Each structure stands twice: as structure tokens, then as C-alpha cells.
Amino acid sequence: MAQFPDGFLWGGATAANQYEGAWNVDGKGVSTADMLTGGDVDHPRHFTKTLEPNTYYPSHTGSDFYHHWEEDLDYLHQMGFKTYRLSIAWTRIFPNGDDAEPNRKGLAFYKKIFERCQEYGIEPLVTISHYEAPYHLTEAYGGWQDRRVIGFFVNYAQTLFREYRGLVHYWLTFNEINMLQSPFGAYMAGALPLADGAPLSAPVGVQAGGNQLQAQYQALHNQFVASAQAVQIGHAVDPDNMIGCMIAAGVDYPLTAKPEDTFKADMSNNMRNYFCGDVQVRGEYPAFAKRFFDENNIQLDITDADRQTLALGTVDFYSFSYYSSGVQTTTNEGEAAEANQTKTNKNPYLKYNDWGWAMDPLGLRITLDRIYGRYNIPLMVVENGLGAFDKVEADGSINDDYRIAYLQGHIAAMGDAIADGVDLIGYTTWGCIDLASAGTGQMDKRYGFVYVNRNDKQEGDYSRHPKKSFYWYKKVIASNGADL
Ligand code: BGP
């Protein structure tokens, strides 16, 4: 039976642009996420420079948390949440990103949420930037490639640390910062410019013929520096602040015992779990970065002051999302699978969800063991869960046994990792209340314990309905993970 430590932070996670809606209310500015359409298989996500009438932009409505926050926090409280991971929309606080003064109405919105959390004994875990940035910064500065954006972010982060001092103790600087390494994530994670009408897989941040990787890695470097400065400020404002990195982590297996396959899998795991981890935990780029930069003709603008900032702004804990594992091979023997517009090799030993993501609880234990083995600092799993189509029965019940089974397996794997010696301090399942998908923009790709009545056809009144998993997770938390 899994043994979780006392005080383990059980909870769930959401992100502003996928959940809040109210995209242009109370002084909020336009964010990069607000320019992304999507919604179902016939309408894959793409960027539009001018908002098109009669087109669905998932962030504009989300799950309408902006107007349902009291009800939603009440549901989290009923489940016994110890923590709630949410992000702050930068554009509610600084509508353009480079504004001189913050928007008081935006600050007030989150303050009442944190105060309610405090009443409920729920520790907020705040992501300062989750897959969005003020659109103005992308237009006027070219986004995160430009060093000036570092200063705007640090000013924003400092405003939050001061405003919410005593109410918030756990912070993450950038969601899945390593997504900047892939073309798919670079617009979302890095807020680099896309061409009008371009899909999310299109080149970002460069004029035709430019070095796309150069743009991505310079933006990533600038985010590292911004994150490290924010960590130092956060600690200075309140020494009780615990500030973490957030990385899309996982494990890639070699398809065969060919040494080349193992080498390729190792390199892939290094790039995914350790590239950003080393910079943010150890305060310096890993040794393997140099060869990667050389081979890809990437020449970064890294100053001595940057190196010092990185060394001084290391994080207190390593947090990550884990959904799935992958397979690497140097041959064409594998069967191809597709997830998030990226071709991968199919693992014959695992089952896949409806979006082509392998379900692999043991992969979570392996990931935890390896990351802890490298860094020896507290870990937190801040996203995990099963995206699935849910069915509302005639009597209104939603029997999501498949979701319960997925989570049971992953929680048991965390228990095993703790028994392996890993210092795991918390677990927040993704999309604890249904919200729009980041990858597809769909409302029908659901993760929640609470159903939100809104679908891919943009029908539904946003009413909330607990699923079977709601009562199950409540029991898990009450038993501190003993009763799965
Ligand atoms: C992560 C993101 C989240 C979330 C999740 C699930 O990469 O941090 O924002 O959405 O993936 O992905 P999707 O929404 O595409 O199912």
C-alpha cells in the first residue's frame, strides 16, 4: 500500500487561459492565447492576427471560471484539496505587458480567490506564466527573443509577490518551460510570433530562412534569466516563498536493445528532463548543451551577468507534468503514433488514449526516480490525468471509471517512488474541473472531477456536475493516498 508523507499536498490544477473565460473583462488585455482558434478535429488550432467573427477562440470563454469561482472553489474544498494550482493571466495584471501601473481589478480578482483558499485551508500554487503572454509584447518586441521582455516579466512577478505576500507561498515561474524546445510549444510557451493563419506546428519567431532553433533557444534563455531573477525577488519579498520550475517531463524508452536506440532515448530524456532542469536547479547549462548548440548552429547571447543570475536564482523544488511516455529508435521498425502533432513510435506494451497518448503509470515512477536521482531536491507532480470523452447518463450521473483507473495507477506509482526514497511533496491532477484543451482547444477533451456543461459545438450553460471520480478522489485525499 502506498505511504504518503504527512502534509502531502493533494490537489488539482488549472490554467487561466483555458479556464477563466472573460477574456476582455475588467481591463484585461489581449493575450497570445486569445489569438488561437481551435475547438475540434475539423478546426485545428491556428493563430489569427485579426480576430475573425464567428470563429471559436477557446480562451475567450474557457469554463467561465471568472463567474463561477465561488462554486468551483467550493467543489475543491468539498474534495478536501490541500492545494490548488492555478495560473494568473498576465494580461489581467498588465494588459499590454509594458504598462507602468498594474490593473487593480485584475489584482483584486485573484486576491479574493486566495482569501477564499485561505479560509478553506487550501494552499494556492501559482503559475506566474502558463502558456500565454500579453499579445502586445509579441507584436511590439517579437516576444521572448527580446531581452526587454525579461524586465516586464520580472516587474509583473514582483507585483504578484508583493500583492499576495502571506496569501501565496508556492510559486512556479513558467509552465512547461521546456516546451520552447519544440515547434508545437514555442508559440504557446514562448510567445514567439507566428505568421497570420499559421498552425501551432509552423515555424515561430523567425523571418523565412532564419534559424528557428536559434529563436527558440534565445527565448528560452531569456525566460531562464527572467525566472532566476523572479526567484531571487520572491525570496527577498518573503523568505517563506517556495519557488519551483515546471517542466513537461517523462521517459522515452529505446524500441530495441540496439545501443543506438538506447543512446537516442538517453539523449531525448536529457533534453526533455535535464536541459531546463540543470539551468533552473543547478544554475548552469548542462555539459551536453554545448554540443547541441554547436551542431544546430545556435549562438546565444549569454552575458556574464546572465550566468551569475542563473547561479543565484536556483529553484526550491522541481515540478513537472507527466501524462505519457515515448519510444525512440534509429530504425523504422516501430509503428508510428501521433500525439500533439508530433510523430512518435508506438509502444506495443501500452494502451493509448483517444488522442494517441500512451498510458504508462510505471513511467511516472521511473521519471520520479531519475529526476530525484539527479537533483536531490523536493519534487512535485503538478499535472497528470486522462483526457477523455465523458458521457452524461439519463439520470445525470457521469461514470468515469477509466479516469479513476488511470489516476489509481499513477498514484500507486508515486507511492512506489516515495518508497524508492523520492522526496515527493505534492500532486495536482490536471484540469480538476473541466476546461479547454491546450493542444486542441476542445471542451470535450475532459480531465475533471467536475463536469462543465459545455461542448465542442459550443453548446451548454457551463453548469457544474460532480463525476464519479469526484467522490473517489475525495476518499483518496481523506485517506492520504491509502485508499485508492
Ligand atoms: C500541458 C499543459 C496544460 C494542459 C495539458 C493537457 O502540456 O501545461 O495546459 O492543457 O498539457 O494537454 P491538452 O489540454 O492538450 O490535453
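Definitions and cut-offs
- The residue count restarts for each chain, going from 1 along the sequence in the order it is written.
- Only residues with pLDDT of 70 or above have their local features reported here, since the model is predicted, and side-chain atom pairs are shown and tallied only from 80 upward, although totals for entire chains, interfaces and linings are computed over all residues.
- UniProt positions are given in the numbering used here, feature names are shortened, and annotations may be inferred rather than shown by experiment.
- Counting from the N terminus, the helices are the DSSP runs of H or I reaching at least four residues and the strands are the DSSP runs of E reaching at least two.
- In this treatment the radius of gyration is a C-alpha quantity, and the globule benchmark scales as 2.2 Å times the residue count to the 0.38 power.
- In this scheme the burial state of a residue depends on its C-beta neighbours within 10 Å: 20 or more other such atoms mean buried, 12 or fewer mean exposed, and anything in between means partly exposed; the C-beta positions come from the backbone.
- With C-beta atoms placed from the backbone, a contact is any residue pair whose C-beta atoms sit within 7 Å.
- Nonpolar core, as used here: buried Ala, Val, Leu, Ile, Met, Phe, Trp, Tyr and Cys residues forming one set through C-beta atoms within 7 Å.
- Confidence of the predictor in every single residue is expressed as pLDDT, which spans 0 to 100.
- DSSP bridges decide pairing: two strands pair if at least two such bridges lie between them.
- Note on definitions: angles span 0 to 180 degrees between N-to-C directions of axes, and those axes are lines fitted to C-alpha atoms, for helices only across the stretch in contact.
- Only the C-beta atom matters for nearness: placed from the backbone, it must lie within 6 Å of the molecule or strand for the residue to count as near.
- We call Asp, Glu, Lys and Arg charged. Ala, Val, Leu, Ile, Met, Phe, Trp, Tyr, Cys and Pro are nonpolar, and the rest, Gly among them, are polar.

Taking an unreviewed UniProt entry as the reference, the protein is identified by name as AscB belonging to Schleiferilactobacillus shenzhenensis LY-73. A UniProt comment under Sequence similarities (unreviewed entry) is attached to the protein, and it reads "Belongs to the glycosyl hydrolase 1 family."

Caption draft 1: The arrangement of the overall build of the protein in detail. Along the protein, the regular secondary structure elements total 15 helices and 16 strands. A compact globule built from 484 residues should have a C-alpha radius of gyration of about 23 Å, and the protein, at 21 Å, falls within 12% of that. Each principal axis of the C-alpha atoms in the protein carries an extent, and together these give about 60 × 55 × 50 Å. Among the 484 residues that make up the protein, the fraction classed as buried is 51%. A sequence separation of at least 24 residues applies to 74% of the contacts in the protein between residues at least 6 apart.

Caption draft 2: Structural context of the nonpolar core. Ile-88, Ile-177, Tyr-187, Tyr-318, Phe-320 and Met-414 are the most contacted members of the largest nonpolar core, which totals 133 residues. Contact partners of Tyr-187, with chain neighbours within four places excluded, come to Thr-32, Phe-47, Leu-192, Leu-194, Leu-200 and Val-204.

Caption draft 3: Representation of the confidence of the model for the protein within the structure. Chain-level pLDDT for the protein is 94 on average; 96% of the residues reach the 70-or-more range. The ipTM value of the predicted complex is 0.98, and its pTM value is 0.97.

Caption draft 4: A look at the sheet that holds strand 13 (residues 379–383). Strand order in the closed barrel formed by eight strands is 1-2-3-4-5-7-13-14, and the pairing between neighbours is parallel. Averaged over neighbouring strand pairs, the angle between their axes works out to 25 degrees when direction is ignored. The pairing of strand 7 (residues 317–321) with strand 13 spans four bridges and is parallel. Bridge assignment links Ser-321 to a residue of strand 13, and that residue is Glu-383. Along the sheet, helix 9 (residues 212–237) makes contact with strand 3 (123–129), strand 4 (170–174) and strand 5 (242–248), crossing strand 4 at roughly 160 degrees.

Caption draft 5: Representation of unusual backbone geometry in the model. One non-glycine residue, Asp-64, lies in positive phi territory at about 55 degrees. The topology assignment puts Asp-64 in the loop between helix 2 (58–61) and helix 3 (65–79).

Caption draft 6: Highlighting the site of the ligand. In the vicinity of the ligand there are 15 residues, among which Ala-15, Gly-387, Ser-437, Ala-438 and Gly-439 approach most closely. Per-class residue counts for the shell around the ligand are five nonpolar, seven polar and three charged.

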